[in-house]
Each structure stands twice: as structure tokens, then as C-alpha cells.
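Topology and contacts: notes
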Amino acid sequence: MSHARLFNLSREELRACVIEPWLAGRAFELAESEWEPRESALKILEGRHLDNPDLAFGQGWSNALRSAEDVTRRELESAPPPKAPDAFVVETDVPEAAVAEMVADRDARPLAWAEAVGRIDGRDPAVAAVVLVVKREP
């Protein structure tokens, strides 16, 4: 089992680097590894700043456990909800060609509008963006 342990993060760093992608269900990089929330466990400790002697010889985690409080639940519940997927409008003279180019060599499949709306309105974390291709006005 792999572990990533970071110490002395500010609340802003913690939210941007870990909590936001965690709540959105997106993979994120931490300690030179990529982490998938569905395949990982998260523990957030809050306590005093750990200095170099506290972190030496691999003792940082043990020292943190002894001197800090587990605030994982509080931090996840108090974080702002994940941002909605981005949306883009592509204006083109030939919408069919633009769509064909976007889906070429990809695992694309038609999707019923009702299902698309459900995934968008439901803030499906797997939705990275919504692209609307429209015919350019003359």
C-alpha cells in the first residue's frame, strides 16, 4: 500500500491540492504520485507546525498523530462544493465536421439529451466539460 504524507500545508494549499479534486472525484498528483479518490483513503490532521527535527528519520507521521486532531470529516464537509463542469460553445460553418473532428479516434457514443441534462444538472463528477457545437450565424 502506498502513502503520501505532506506536512505543514496551509488551508488554501490543502483545499486546492487535495480537497477540491477529492470531492470532484478527479485524480490528483501528490508527493510525485497520482491518486484516485475512488481507490484511496484520506486523513487530514490539524495540529502544531512540525519543524525539521519533528519530521526527521521518518517520524513525521507518528509525531503528527500524537499531537494533532483528525479533522478529515470537518474539512470535507466545510469545503465548497466542487465546481460545475466548464461549458464551451464552438461556432462553426459546418457543425457536423467540427463534431466529427472532436470525436475522431475517441470512444464517443451518442447520448440522449435527457441523460446529458441529468448528468450536467446532477454535477456528475465524471463530466469534465460540456461542448455545444452550433452553426455560425451568416
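Residues numbered from 1 in each chain as written. Predicted model: local features only at pLDDT ≥ 70, side-chain atom pairs only at ≥ 80, totals over all residues. Heavy atoms only, no water.

Details of the nonpolar core
Membership of the largest hydrophobic core is limited to 10 residues, which are Leu14, Val18, Ile19, Trp22, Phe28, Leu30, Trp35, Ile44, Val71 and Ala79. The greatest single-element share of this core, amounting to 4 residues, is contributed by helix 1 (residues 11–24). Excluding residues that lie within four positions of it along the chain, Ile44 makes contacts with Leu14, Ile19, Glu69, Asp70, Val71, Thr72 and Glu75. (Core = buried A, V, L, I, M, F, W, Y, C linked by side-chain atoms within 4.5 Å. Buried < 20%, exposed > 50% of the residue type's maximum accessible area, 1.4 Å probe, protein only. Helix = DSSP H or I, 4+ residues; strand = E, 2+ residues; numbered from the N terminus. Contact = heavy atoms within 4.5 Å.)

Let's talk about the confidence of the model for the protein chain
Per-residue confidence for the protein chain gives a mean pLDDT of 89, with 100% of residues at or over 70. Taken element by element, the protein chain is modelled with least confidence in helix 6 (residues 113–121), mean pLDDT 87, and with most confidence in helix 4 (residues 72–78), mean pLDDT 95. (pLDDT = per-residue confidence, 0-100.)

Structural notes on helix 3 (residues 60–67)
Turning to helix 3, its buried residues number three or more, namely Gly60, Asn63 and Ala64. For helix 3, the angular spread of buried residues about the axis comes to 100 degrees, placing them on one side. For helix 3, the secondary structure elements touched by its buried residues are strand 3 (45–47), helix 2 (52–55) and strand 4 (68–70). (Arc of directions from axis to C-beta.)

Here we look at the environment of Ala41
Assignment of secondary structure puts Ala41 in the loop between strand 2 (33–35) and strand 3. Looking at Ala41, the relative accessible area reads 77%, which means it is exposed.

Concerning the packing of aromatic side chains
All told, the structure shown has 1 aromatic pair when counted by the stated rule. Aromatic pair Trp22 and Phe28: ring centres 6.3 Å apart, planes at 65 degrees, arrangement edge-to-face. (Phe/Tyr/Trp six-rings, centres within 6.5 Å; stacked < 30°, edge-to-face > 60°.)

Examining the pattern of salt bridges
Taken as a whole, this structure holds 9 salt bridges when the rule is applied. When the shortest N-O distance is used, the salt bridge between Asp93 and Arg136 registers 3.5 Å. Taken together, the residues span a long stretch of sequence, with Asp93 in the loop between strand 5 (86–92) and helix 5 (95–103) and Arg136 in the segment after strand 6 (129–135) at a distance of 43 residues. Each of Arg11, Glu46, Arg74 and Glu75 takes part in one network of salt bridges that share partners. (Salt bridge = Lys/Arg side-chain N within 4 Å of Asp/Glu carboxyl O.)

Some words on the side chain of Asp54
Looking at the secondary structure, you find Asp54 in helix 2. Among the polar contacts made by the side chain of Asp54, one reaches the side chain of Arg48 at a distance of 3.1 Å. Those residues in contact with Asp54 that lie beyond four places of it in its chain are Arg48, His49, Gln59, Gly60 and Asn63. (Polar contact = N/O pair within 3.5 Å; in protein donor to acceptor, adjacent residues only side chain to side chain.)

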